[in-house]
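Residues per chain are reported as follows:
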Amino acid sequence: MAERKRVQYVSPRVAIALAALVTVLVVIADVTTGAYLNFAIFKSVALLTCAVARSRRALWFFCVLLLFTTVGICLYELHEVPQADKSIIVINRLFTAVTLVIVGVMLHLWIGADVKAQESSAELEEQNQELAQREQEIQHQNEELQSQTEELERQSEELRVANEDLAQRERMLETLLELSRSLHVGLSRDEAFNRICETLGQLVAGPSVATAILMKERDGVRVRCHYGFGSAGIKSDLIPHERSFAALVVEQGRTGYLEDLSLRPELQVPQPLVGEAMVSVLATPLIVRRQNIGTVELYARERRHWSDEQIALIESLAAQTSISLENAHLFEEIESNRRRLQTILESIPIGLGIATANLADVRFNAAGAAMIGAPADTNIAEEIRKQKWVLFEDGKPIPTDRYPVVRAVGGEQVYPHEIDVLMPTGKRLTLLSSATPFRDAGGQVVGAVSTFADITQFKMLQRELETRRREAEEANVRKTRFLAAASHDIRTPANAISLLAELLKRTADSPAMAAEIPQLSEELRNSANALVNLVSNILDVTRFDTDKLELHETEFPLAQLLEEECRQVLPLAQAKKLALECRHVPEAVWIRADRIKLGRVVGNLLGNAIKFTDSGGIGVRTRRDDAGKVEISVADTGIGISPENQTRIFDEFWQLSDPARSKGSGLGLSISKRLIEAMGGTIIVQSALGKGSTFTITLPASSVVPHHDGDGKP
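Anyway, here's the lowdown on the structure attached to this text.

Thresholds applied
Residues numbered from 1 in each chain as written. Predicted model: local features only at pLDDT ≥ 70, side-chain atom pairs only at ≥ 80, totals over all residues. Heavy atoms only, no water. Helix = DSSP H or I, 4+ residues; strand = E, 2+ residues; numbered from the N terminus. Expected span 1.5 Å × (residues − 1). Buried < 20%, exposed > 50% of the residue type's maximum accessible area, 1.4 Å probe, protein only. Polar contact = N/O pair within 3.5 Å; in protein donor to acceptor, adjacent residues only side chain to side chain. 1 Å grid on protein atoms, 1.4 Å probe; cavity = no way out; pocket = protein on both sides within 12 Å on 5 of 7 lines; lining within 4 Å. Points joined across faces, edges and corners; volume = space filled by probe spheres on them. Nonpolar A, V, L, I, M, F, W, Y, C, P; charged D, E, K, R; others polar. Pairing = 2+ DSSP bridges. Salt bridge = Lys/Arg side-chain N within 4 Å of Asp/Glu carboxyl O. Contact = heavy atoms within 4.5 Å. Axes fitted to C-alpha atoms, helices over the stretch in contact; angles between N-to-C directions.

### So, helix H14 (residues 595-611)
- The first and last C-alpha atoms of H14 sit 24 Å apart over 17 residues, in line with the 24 Å expected at 1.5 Å per residue.
- Those residues of H14 that sit buried are Lys-597, Leu-598, Gly-599, Val-601, Val-602, Gly-603, Leu-605, Leu-606, Asn-608, Ala-609 and Ile-610.
- Where H14 starts, the residue carrying a side-chain oxygen 3.3 Å from the main-chain nitrogen of Ile-596 turns out to be Asp-594.

### Some points on empty space enclosed by the protein
- Counted by the stated rule, this structure contains one cavity of 30 Å³ or more.
- Taken as a whole, the largest cavity encloses approximately 290 Å³ of empty space.
- As for the largest cavity, its lining consists of 18 residues, of which Phe-364, Ile-384, Leu-391, Tyr-403 and Phe-452 are closest to the centre.
- Only strand S7 (351-356), strand S8 (362-364), helix H10 (404-409), strand S11 (414-422), strand S12 (428-439) and strand S13 (445-454) provide two or more residues apiece to the lining of the largest cavity.
- Here the lining of the largest cavity is composed, by residue class, of 15 nonpolar, three polar and no charged.

### Focus on the pairing of strand S20 (residues 692-699)
- Extensive coverage of S20 is indicated by the burial of seven of its eight residues.
- In the sheet, strand S18 (residues 630-636) pairs with S20 via six bridges, with the strands oriented antiparallel. By the bridge assignment, Val-630 is partnered in S20 with Leu-699.
- One ladder, built from seven bridges, connects strand S19 (residues 682-688) with S20; its direction is antiparallel. Within S20, the position partnered with Ser-687 by the bridge is Ser-693.
- Hairpin geometry of S19 and S20 is characterised by an intervening segment of three residues between the two adjacent antiparallel strands and by a positive phi of about 80° at Gly-690.

### Brief notes about the pattern of salt bridges
- This model, assessed by the stated rule, comprises 22 salt bridges.
- Taking the shortest distance from any N to any O, the salt bridge between Arg-407 and Glu-412 comes out at 2.7 Å.
- Looking at Arg-407, the relative accessible area reads 17%, which means it is buried.
- Residue Glu-412 is classed as partly exposed on the basis of its relative accessible area of 29%.
- Here Arg-623 makes a salt bridge to Glu-631, at a shortest N to O gap of 2.8 Å.
- Through salt bridges that share partners, Glu-151, Arg-154 and Glu-158 make up one connected network.

### Digging into the side chain of Thr-430
- In this fold, Thr-430 is placed in strand S12.
- In this structure the side chain of Thr-430 is engaged in a polar contact, spanning 3.0 Å, whose partner is the side chain of Asp-420.
- If we skip the residues at most four places from it in the chain, Thr-430 touches Ile-419, Asp-420, Ala-453, Asp-454, Ile-455, Thr-456 and Lys-459.

### Structural notes on the sheet that holds strand S4 (residues 256-258)
- Read from one edge to the other, the open sheet built from six strands follows the order S3-S2-S1-S6-S5-S4, with strand pairing classed as antiparallel. With partners counted over all chains shown, the strands left at the sheet margins are strand S3 (238-239) and S4, one partner each.
- As paired strands, strand S5 (residues 280-288) and strand S6 (residues 291-300) are joined by nine bridges and run antiparallel to one another. If you follow Val-281 over to S6, its bridge partner there is Tyr-299.
- Packing of helix H6 (residues 245-252) onto the sheet brings it into contact with strand S1 (209-217), strand S2 (220-227), S4, S5 and S6, and relative to S6 it is tilted by some 130°.

So this is what it looks like as structure tokens:
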């Protein structure tokens, strides 16, 4: 709180100076007037003068000073007055002293009371000033509050108007949002037009308001939808171009309106069939793909000034209609392209897989799903993570993170390469696979597509072709050797025949040589038979290649055939000192087959056995197995055949690499195998080097026929 100031009626210095002057005057007067005259009352004046200064220190200073002067004057007067008056003088001076003390005390108390009164007054004055200041502040605050209240009332009114405007806009936005939701892609154009017309009529509410959408056509402008014209509808839905207000707006390409149609009688707008005519029109162009295709129009039955809000509203609805039409058109194109692409993807024989960027969804088309044995258009991401299908490249397993589609979603371009796929069923496929990432407009990978073609058959065909090529090359080499050998073999009997013919001619001319004619004729016959056999083998190979082999089947006893063949080669075996043993089945087995060709096969096996056996023997055995098949085996103790040659001895023009023994065309075993297979049988070999070979002919059980002798017994 601020320091309080005392009220001073006289300056303290002046009051003290007056008190000092009064004191001096009173003392001088008291001294000069004698003992019987007392100026005590005047001494109180000095104290009163000090009291005027409101100084207690000065008061008591002068009070004490006056007391001392009184005592001093009293002592001085006691020497001057008689003894009888001394008591009166003392009492008088004592009374003066007491009076001074009483007056001092009273003045002291008065000064204190006056100081307190002044302090209280100062406090009251200060409080009054504070109250006045606060009152001014309160008045100022009241004025500010009144101003703020007026401002709040103004803002409240503005907010009320704004809230009403916002509420109206909110209703408008809700209506537009509802319209946007209703204009889904599956909605037809006519349904979309009707909803837009109805929405525009609801937004611009009023019994005299109507809306319509007009589309430009070749012969005029046609009303595609309308709202607010009444239940009877409109008079005409087609307006000629030259008389249509819509055509004018389309031509100008901007919003236009007429407040009063009577000002332009040459222009027409849709009119209700029943009721008041439309007087005012507001129209905005409908733009789809940068082409003005029609208008969105708003009508009123009275002359009207169209506000900026109504113009903005109709332009907004026109833009929304344009977007809806564009979306519908784009949807139709996208749907058409999607169906076309889906048809293509489902019809191509190449597998196609599509995966999302996180590999949470991996699907295959029909061809791809059929290749890997998965359902078409089904998410198989989980099966891939479980490695249901194992992939190999160059014979090594491919880790999951190196699968083509996984590499593609990582942004890598995977070029076509061969991979092997092991199916859960154990089936193995060879695929030509590639993968490509596809990105969004920002370049981020959003998925990948993987293509693969089944080249398993192609690889098998390629391997088979390679095998066939090698076989053809080998066959060509063998054929070359065969042709050389055949040429030599044909030349040898041909030369022998020519020489023997010349000898027969000379023998006929010389009777002395007639005894040699039988031997010469026998040699001539052998040479001719060798030439015929060689030519027969070549012809048989030709018949096999052209599928013109003919079988002449007859029924005959198998034992008789084997005995005949053994008897024919017996001289050759005896010439090499080889044992020849023929063992037959216990019972008589009759065979229905081509006897000549079967005998030829058995004879060829016996001839080869004798040719490649130097010591030991040759055995021919027959037996029937549990299935009824007949087996004919020719075993020898010859040089044997190595395992790698056992798979090739039945090839055409192939011979063992033994110049001393491999004389011939190399067709015997090949022709024998084909003849046996033509009769429904098989021929196999079992051999080991240095231990001999066993050739086994197996005839089917169907070739065995029952046979009865003359008395009807089998």
